[in-house]
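Architecture at a glance
Letter by letter, the chains look like this.
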Amino acid sequence: MAHSKHRKKTLRKATEQRLENRGRRSTMRTAVKQAREAIAADPASADAALAAATQKLDKAGRSRLIHPNKASRLKSRLAKARNKALAAKS
């Protein structure tokens, strides 16, 4: 346990930030999961889910919630999966 006033405040702020990040990370992961499910169900109509996931990943990368390269990698893999599914249907 922290003893000084400023360490107690730092601990409080870190706890609040951790909880906020947990929520943001959860919504990002949910958006990616929904995009994958939409691609698997119907790749032609997965544009909205893919756009939402891309937006969440971009924001997470910008705010350093995840590494920016990881955000780019996930976006690339989602687009690749959509294109592969579209090609398989045609």
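Relevant structure appears above.
Residues numbered from 1 in each chain as written. Predicted model: local features only at pLDDT ≥ 70, side-chain atom pairs only at ≥ 80, totals over all residues. Heavy atoms only, no water.

Below, the discussion takes up the nonpolar core. Ranked by size, the top nonpolar core spans 16 residues in total, and within it Met28, Ile39, Ala53, Leu57, Ala60, Ile66 and Leu78 carry the most contacts. Of all elements in the fold, only helix H1 (5-41), helix H2 (47-62) and helix H3 (68-89) reach the threshold of two or more residues within this core. Of all the elements, H1 adds the most residues to this core, at five residues. Excluding anything up to four places from it in sequence, Ala60 contacts Met28, Leu65 and Ile66. (Core = buried A, V, L, I, M, F, W, Y, C linked by side-chain atoms within 4.5 Å. Buried < 20%, exposed > 50% of the residue type's maximum accessible area, 1.4 Å probe, protein only. Helix = DSSP H or I, 4+ residues; strand = E, 2+ residues; numbered from the N terminus. Contact = heavy atoms within 4.5 Å.)

Taken as a whole and judged by the stated rule, the model has three salt bridges. In this structure, the salt-bridge partner of Arg24 is Glu20, at a minimum N-O distance of 3.5 Å. Of this pair, Arg24 and Glu20 both sit in helix H1, four residues apart, which is roughly one turn of the helix. On the accessibility criterion, Arg24 (44% relative accessible area) is partly exposed. Residue Glu20 is classed as partly exposed on the basis of its relative accessible area of 41%. Residue Asp58 is joined to Lys75 by a salt bridge in which the shortest nitrogen-to-oxygen separation is 2.6 Å. Here Asp58 is found in helix H2, whereas its partner Lys75 is found in helix H3, with 17 residues between them in sequence. For Lys75, a relative accessible area of 24% corresponds to the partly exposed category. (Salt bridge = Lys/Arg side-chain N within 4 Å of Asp/Glu carboxyl O.)

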